[in-house]
Amino acid sequence: MNAFSYRDGLLHADDVDLATLAREVGTPFYCYSATALEERYLRLAEITAPSGTGIAFAVKANSNLAVIALLGRLGAGADVVSEGELRRALAAGVPADRILFSGVGKSVGELSFAIEQGIHQINVESETEFDRILELADQARTTVRIALRINPDVSAGGHDKISTGRKTDKFGIEADHAIALYQGASEHAYVEPVGLAMHIGSQIQKVAAFEAAFDRIAEIADDVKALGLSVPRLDLGGGLGVAYHDEEQELPLAHYGELLQSLAKRTGAHLMIEPGRWLVAGAGVLVTEVNAIKQAGERRFAIVDAAMNDLIRPTLYDAHHPVWPVREMADVPRHPTTVAGPVCESGDILAVDAPLPDLSAGDLVTIGHAGAYGAVMASGYNGRLLVPEVMVRGDDFAIVRRRPSHDEAMALDSIPDLETKASAA
Ligand SMILES: *Cc1c(COP(=O)(O)O)cnc(C)c1O
């Protein structure tokens, strides 16, 4: 089932038509389908069940409390990369013992908070961080479970900016070094090394990259075990790719599931994965209204009221998102139309040469597959307000993040009297 489909001439999210929703909420806004989120999670859970693999939702893909809570209720844990995300996961009802803390530069404050909460595991990404955790664990006198994030030195084949598992990327620790730290931790009173972790990148479409990385982590686990230490957990990261283009392939899930099974068998470890994008990308859209149509040389532009500050993926990663008009225009001619926002940047483009029918100001269009790395990456650039987020289930909907007022957006700023003080002196 597709959560976003045309019915009675209008694009619907579940059973709610997006034109009605746009009138209720105002554009632009993100819309998530609870049904689609649930379906995605359950499909993945089915694939991971035979290997006993746990799923921790990578909160950075979509940190709306409603999304985290929905996945948490279905049994997902959370993979967080900051104190803010950790607090969000807790506030959404994910139990602390299902939360993993990843991230390449955790501060002392963030580590202390995670230790205080007694989370499932902290994934250690550098020796500096390792030393800090040892110190904090001593001070707190509580057991802190850590995994060492290794750099498997594989190239995942995605966009350069989302590749994380190559030797020269900033993530993870080289294997030999990680093994030495693992041994060091095992001699520590309060730090318990429970396993190894990795995350090789994002939007990975070929199983071969995972296969190589799983082999690598199994080898390293063997090396650790050869020292007489146990490796009860392996955290395999996220990165499961989705299809943004019609002609693109999703990661072949059944094959991925088989890899998990053989890894579980080979290592005897409890496995964990941290998918973000795969769970939420297709479950969300960004709905926007056309402000103006213009021709610039050969190029036809639809200027819409959403912009790069609302959805930065096309600008940042040259990412492709499909564009679907809300009003069904099935049998009309289409022309390549570039969908751009009103922000004062030439890079403020949401879709290049999207095949679209003739649009006019006031028409609504939808940017598809926007549920991951969309709202979470939004900013207030150009004095624009963060866009609201709506969740639909069946014929019902709820605003799960409201649009702030301009006063609220300005409320954290203040005008100091530094100059008057200076001139009085
Ligand atoms: C970003 C990230 C993820 C999620 O990646 P997706 O491609 O969204 O699945 C998982 N784990 C870690 C450590 C990450 O940094």
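If you're wondering where the values come from, they're calculated on a predicted model, not measured in any experiment.

Chemist: Even after reading the chapter, I still don't get the pairing of strand β14 (residues 299–304), so can you show me in this structure?
Modeler: Along any regular strand, the residues point their side chains to alternate faces of the sheet. As paired strands, strand β13 (residues 284–296) and β14 are joined by 6 bridges and run antiparallel to one another. Considered in β14, the bridge of Gln 295 is made with Arg 300. Here β13 folds back onto β14, and the loop between the two strands holds 2 residues, one of which, Gly 297, carries a positive phi near 60°.

Chemist: Mind showing me how you'd approach the sheet that holds strand β3 (residues 16–17) here?
Modeler: Adjacent strands of a sheet pair through backbone hydrogen bonds, lying either parallel or antiparallel. Spatial ordering of the open sheet is given by β1-β2-β3, a layout of 3 strands whose pairing is antiparallel. Where the open sheet ends on each side, the last strands, each with one partner, are β1 (4–7) and β3. Both β1 and strand β2 (residues 10–13) contribute to a ladder of 4 bridges, which runs antiparallel. Bridged to Arg 7 within β2 is Leu 10.

Chemist: Hey, could you run me through the domain arrangement of the protein in this one?
Modeler: How big an interface is tends to be reported as the loss of accessible area on association of its parts. Here the protein is described as being made up of domain 1 (4–31 + 281–410) and domain 2 (34–279). Distance between the C-alpha centres of domain 1 and domain 2: 32 Å. Contacts between domain 1 and domain 2 engage 22 residues on the former and 23 residues on the latter. Carbon and sulfur atoms supply 53% of the area that domain 1 and domain 2 bury against each other, a total of about 2000 Å² over both sides. When the buried area of domain 1 at its contact with domain 2 is split by residue, Tyr 373, Met 391 and Arg 393 rank highest and sum to 28% of it. Summed over the shared surface of domain 1 and domain 2, the result is 1 salt bridge. A salt bridge links Arg 393 to Glu 38; its shortest N-O distance comes to 3.0 Å. The interface formed by domain 1 and domain 2 includes 8 residue pairs in polar contact (both at pLDDT 80 or more). When residues of the side of domain 1 that touches domain 2 are traced back to their parent elements, those giving at least two are α11 (313–317), β19 (389–393) and β20 (396–401). Here the side of domain 1 that touches domain 2 takes 4 residues from β19, the largest share from any one element.

Chemist: Help me understand helix α2 (residues 34–48), please; the structure alone is not making it clear to me.
Modeler: With 15 residues, α2 should reach 21 Å at 1.5 Å per residue; the first-to-last C-alpha distance of 21 Å fits that figure. Those residues of α2 that fall on the buried side of the exposure criterion are Ala 34, Ala 36, Leu 37, Arg 40, Tyr 41, Leu 44 and Thr 48.

Chemist: Sorry if this is basic, but what is going on with helix α7 (residues 175–186) here?
Modeler: Because an α-helix completes one turn every 3.6 residues, residues spaced three or four positions apart along the sequence face the same direction. An ideal rise of 1.5 Å per residue puts 16 Å on 12 residues; α7 measures up with 16 Å between its terminal C-alpha atoms. Along α7, the positions that sit buried rather than exposed are Ala 175, Ala 178, Ile 179, Leu 181, Tyr 182 and Ala 185. Buried residues along α7 cover an arc of 165° about the axis, so they all sit on one side. Check the buried side of α7 and you find it contacts α6 (127–140), β9 (144–149), β10 (191–197) and α8 (207–225).

Reading the values: the criteria
Residues numbered from 1 in each chain as written. Predicted model: local features only at pLDDT ≥ 70, side-chain atom pairs only at ≥ 80, totals over all residues. Heavy atoms only, no water. Pairing = 2+ DSSP bridges. Helix = DSSP H or I, 4+ residues; strand = E, 2+ residues; numbered from the N terminus. Domains from an automatic or database assignment. Contact = heavy atoms within 4.5 Å. Buried area = accessible area lost by both parts, 1.4 Å probe. Salt bridge = Lys/Arg side-chain N within 4 Å of Asp/Glu carboxyl O. Polar contact = N/O pair within 3.5 Å; in protein donor to acceptor, adjacent residues only side chain to side chain. Expected span 1.5 Å × (residues − 1). Buried < 20%, exposed > 50% of the residue type's maximum accessible area, 1.4 Å probe, protein only. Arc of directions from axis to C-beta.

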